[in-house]
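# Structure assessment
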Amino acid sequence: MKDSKKKGGRPALENKKQFRINVRFDESEHNRVLHNAKIAGMSKSEWVRKSAILRKITPRFTEEQLKAFRAITGASNNLNQLTKKAHQSGLIEVAQECKNTIHHINHCINKLLHHDSEDN
């Protein structure tokens, strides 16, 4: 004979949260989480969960990107030197060197932008 009694209590959740991640905060970070959760009208657990899932984290720069940044820095230094040279010897003599340097900087920037769009 089957027991036809109703079970008491709250019905089971469809999407039960079964995994736990422990995170430690210092006092100021904890206060900030509490403040942000209060402003959002959420519990601190819900706020931390939503923040972790919905926020977009920008990854660290790859070695290739760092190389491109160094190339841009070098090219920028070259451009500054060319500007100084142009002031000393005249603009016409330096114009082509400047165009080449600007082209190189643009190439490095395009490489960075192209690489970044592939990752996201």
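Fair warning: this is a prediction, and the values are worked out from it, not measured in the lab. (Residues numbered from 1 in each chain as written. Predicted model: local features only at pLDDT ≥ 70, side-chain atom pairs only at ≥ 80, totals over all residues. Heavy atoms only, no water.)

### Some remarks on the overall build of the protein chain
- A count of helical and extended segments in the protein chain gives 4 helices and 0 strands.
- In the protein chain, buried positions account for 14% of the 120 residues.
- Partitioning the contacts of the protein chain with sequence separation of at least 6, the portion at a separation of at least 24 is 45%.
- Total accessible area computed for the protein chain in this model is approximately 11400 Å², and 53% of it derives from carbon and sulfur atoms. (Helix = DSSP H or I, 4+ residues; strand = E, 2+ residues; numbered from the N terminus. Buried < 20%, exposed > 50% of the residue type's maximum accessible area, 1.4 Å probe, protein only. Contact = heavy atoms within 4.5 Å. Areas by Shrake-Rupley, 256 points an atom, 1.4 Å probe, with all protein chains shown as cover.)

### A look at the confidence of the model for the protein chain
- Per-residue pLDDT for the protein chain averages 82, and the proportion of residues at 70 or more is 89%.
- Averaged pLDDT values for the elements of the protein chain fall to 75 in helix α4 (residues 91-119) and rise to 93 in helix α1 (residues 27-40).
- Segment residues 116-120: pLDDT under 50, and 2 contacts once partners within four positions in sequence are set aside and those in other chains are kept. (pLDDT = per-residue confidence, 0-100.)

### What about the packing of aromatic side chains?
- With the rule as written, the count across this model stands at 1 aromatic pair.
- On the basis of an interplanar angle of 75 degrees and a centroid distance of 4.9 Å, the ring pair of Phe-61 and Phe-69 is categorised as edge-to-face.
- When its relative accessible area of 32% is taken as the criterion, Phe-69 is described as partly exposed. (Phe/Tyr/Trp six-rings, centres within 6.5 Å; stacked < 30°, edge-to-face > 60°.)

### With respect to α1
- When the terminal C-alpha atoms of α1 are compared, their 20 Å separation across 14 residues agrees well with the 20 Å that a helix rising 1.5 Å per residue should span.
- Positive backbone phi, approximately 75 degrees, marks Gly-41, located one or two places after α1. (Expected span 1.5 Å × (residues − 1).)

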